[in-house]
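Listed below, chain by chain, are the residues.
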Amino acid sequence: MTSFILKFSDVAVQPSDGASSYVRRAIGFANIEQLLPLLDTPSLAPNPRNAKRNAIIEGILGTLNDNPELFRFKSKGLLISSHKVEVLQRNRFRVEFSKDFVDGVLDGGHNLFALGLFLLNQVCPASETKRIRTWDDLEAAWAKNRVEVGKLDFDGDLLVSVELIFP
């Protein structure tokens, strides 16, 4: 079981009363720093594991490197699902992943893969990150360099569109 707090910089919860639907969704933008727990989670649903380095990933990396402030507008971002979410104050949500194939990233695996590569590019030599071709390669490099990634200064320019669906 993995639990983390996801803080949105701007979010809307639909339906707002929580009583008119079995499924609610929080839609908004989150700073890239808020997504680090997703990359730390080995039990993400299958979607991100299908991502492989290709022209799509390189295009996403181009936006992240050249115009990070536009990334949230040029990408659908991430669709995250959890059967257990606690709505907290100040745009924060406690998210728990404990059910395989229900909890995790349902859509946006290429974006998550590219975001992981982008962060690793900040702390690793290019010769090392160019060898990352698959999700397994990314996981290994991430585990090796996670402490250094955590030391990065996240200035808030890089926001990611996130949709969180929950009961």
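So, here's what we can say about the structure. All residue numbers refer to position in the chain's written sequence, counted from 1. With pLDDT at 70 or above as the cut-off, local features in this predicted model cover only qualifying residues; side-chain atom pairs require 80 or more to be listed or tallied, and sums for whole chains, interfaces and linings still use all residues. No hydrogens and no water enter the side-chain calculation; it runs on all heavy atoms of the structure.

## Side note on the packing of aromatic side chains
And then number 1: Classification of ring pairs uses Phe, Tyr and Trp, with its six-membered ring standing for Trp, and accepts pairs whose centres are within 6.5 Å; under 30 degrees between planes counts as stacked, over 60 as edge-to-face, and the remaining range as tilted. Scanning the entire structure with this criterion turns up 5 aromatic pairs.
And then number 2: Summarising the aromatic geometry, the rings of Phe4 and Phe97 are spaced 5.6 Å apart at their centres and angled 70 degrees between planes, so their arrangement reads as edge-to-face. With a gap of 93 residues between them, Phe4 in strand E1 (residues 2–7) and Phe97 in strand E6 (residues 92–97) connect regions that are remote in the sequence.
And then number 3: Residue burial is assigned from relative accessible area. The probe radius is 1.4 Å, only protein chains are included, and a residue is buried under 20% of its type maximum, exposed over 50%, and partly exposed in between. Judged by its relative accessible area of 8%, Phe4 falls in the buried class.
And then number 4: With a relative accessible area of 2%, Phe97 lands in the buried category.
And then number 5: Measuring from ring centre to ring centre gives 6.3 Å for Phe29 and Phe73, while their planes differ by 65 degrees; the resulting arrangement is edge-to-face. Of this pair, Phe29 sits in strand E3 (residues 24–31) while Phe73 sits in helix H4 (residues 71–74), and the two are 44 residues apart along the sequence.
And then number 6: An aromatic cluster is built from Phe8, Phe93 and Phe166, whose rings are joined through pairwise contacts. Helix and strand labels come from DSSP, where a helix needs a run of H or I of at least four residues and a strand needs a run of E of at least two; each type is numbered from the N terminus.

## Side note on the pairing of strand E4 (residues 78–81)
And then number 1: Note: E4 against strand E8 (residues 159–166), 4 bridges, orientation parallel. By the bridge assignment for E8, Ser81 is matched with Ile165.
And then number 2: Here, any two strands with at least 2 DSSP bridges between them count as paired. Bridge count for E4 against strand E7 (residues 104–107) is 3 bridges, and the pairing is antiparallel. What sits directly across from Ile80, in E7, is Val105.

## Section: the nonpolar core
As a rule of thumb, nonpolar side chains are buried together in soluble globular proteins.
And then number 1: Working definition of a nonpolar core: buried Ala, Val, Leu, Ile, Met, Phe, Trp, Tyr and Cys residues. They are joined through side-chain atoms within 4.5 Å. Judged by nonpolar contacts, the single largest core of 44 residues is most densely connected at Leu38, Leu64, Leu119 and Leu164.
And then number 2: The element best represented in this core is helix H5 (residues 109–123), accounting for 8 residues.
And then number 3: Residues count as neighbours in contact if any of their non-hydrogen atoms are within 4.5 Å of one another. If sequence neighbours within four positions are ignored, Leu119 has contacts with Ile32, Leu36, Leu39, Trp142, Val149, Leu152 and Phe154.

## Here we look at the pattern of salt bridges
And then number 1: Within this document, salt bridges are pairs made up of a side-chain nitrogen of Lys or Arg and a carboxyl oxygen of Asp or Glu, the two lying within 4 Å of each other. Enumeration over the complete set of coordinates arrives at 8 salt bridges.
And then number 2: With its nearest N and O atoms 3.6 Å apart, the salt bridge here joins Glu128 to Lys144. Of the two residues, Glu128 sits in helix H6 (residues 126–129) while Lys144 sits in helix H7 (residues 135–150), which places them 16 residues apart along the sequence.
And then number 3: Judged by its relative accessible area of 63%, Lys144 falls in the exposed class.
And then number 4: Residue Glu148 is joined to Lys151 by a salt bridge in which the shortest nitrogen-to-oxygen separation is 3.3 Å.
And then number 5: Take Glu148: its relative accessible area is 39%, and that puts it in the partly exposed class.
And then number 6: The exposed category is assigned to Lys151, whose relative accessible area is 60%.

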